[in-house]
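Structural overview
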Amino acid sequence: LDWLAASYAEHYSIHTFRKRTGGIRIIESPKHFLKNTQRRVLDRIINAIPPHDSVHGFVQGRSAISFVEPHVNKPLVLRMDLQ
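Here's what I pulled together on the structure shown here. (Residues numbered from 1 in each chain as written. Predicted model: local features only at pLDDT ≥ 70, side-chain atom pairs only at ≥ 80, totals over all residues. Heavy atoms only, no water.)

What follows is about the side chain of T37. Among the structural elements, T37 can be located in helix α2 (residues 32-44). With a relative accessible area of 13%, T37 lands in the buried category. For T37, the contacting residues outside a window of four places in its chain are L1 and L4. (Helix = DSSP H or I, 4+ residues; strand = E, 2+ residues; numbered from the N terminus. Buried < 20%, exposed > 50% of the residue type's maximum accessible area, 1.4 Å probe, protein only. Contact = heavy atoms within 4.5 Å.)

Another point: the pattern of salt bridges. Where charged atoms from two side chains of opposite charge approach closely, those side chains can pair. The tally for this structure, following the rule as stated, stands at one salt bridge. Two residues, D43 and R39, come together in a salt bridge whose shortest N-O distance is 3.8 Å. Residue D43 and its partner R39 are located together in helix α2, separated by four residues, close to a single helical turn. When its relative accessible area of 49% is taken as the criterion, R39 is described as partly exposed. (Salt bridge = Lys/Arg side-chain N within 4 Å of Asp/Glu carboxyl O.)

The subject of this paragraph is the pairing of strand β2 (residues 24-30). Pairing between strand β1 (residues 12-18) and β2: seven bridges, direction antiparallel. Bridging across to β2, T16 finds its partner in I26. (Pairing = 2+ DSSP bridges.)

Our focus in this paragraph is the packing of aromatic side chains. One pass over the structure, following the stated rule, counts one aromatic pair. Judged by centre distance (6.1 Å) and plane angle (70 degrees), the rings of W3 and F33 are edge-to-face. With a gap of 30 residues between them, W3 in helix α1 (residues 2-6) and F33 in helix α2 connect regions that are remote in the sequence. We classify W3 as exposed; its relative accessible area is 51%. (Phe/Tyr/Trp six-rings, centres within 6.5 Å; stacked < 30°, edge-to-face > 60°.)

For F58, which is not glycine, the phi torsion reads 60 degrees and is therefore positive. By the secondary structure assignment, F58 is in the loop between α2 and α3 (64-68). One non-glycine residue, N73, adopts positive backbone phi at about 65 degrees. Position of N73 relative to the elements: it lies in the segment after α3. Residue class for N73 comes out exposed when judged on its relative accessible area of 76%.

See below:
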């Protein structure tokens, strides 16, 4: 993984497209070896870690509705993203 991270640029194909509204869109897509490595990390490591109960995005059986349900009829709901 260190080798992949250190040689980032050589593991991506770069494509440019003109936008309808003007300007250019750059798409960087991983080449075959990197994509397979990313898939293996996802399947063998990340998917083995259960998400926290508060997580609703990209979790099977959870949705924006399940995220909101505990807060229905509350006098105040404050939501923020911390960086």
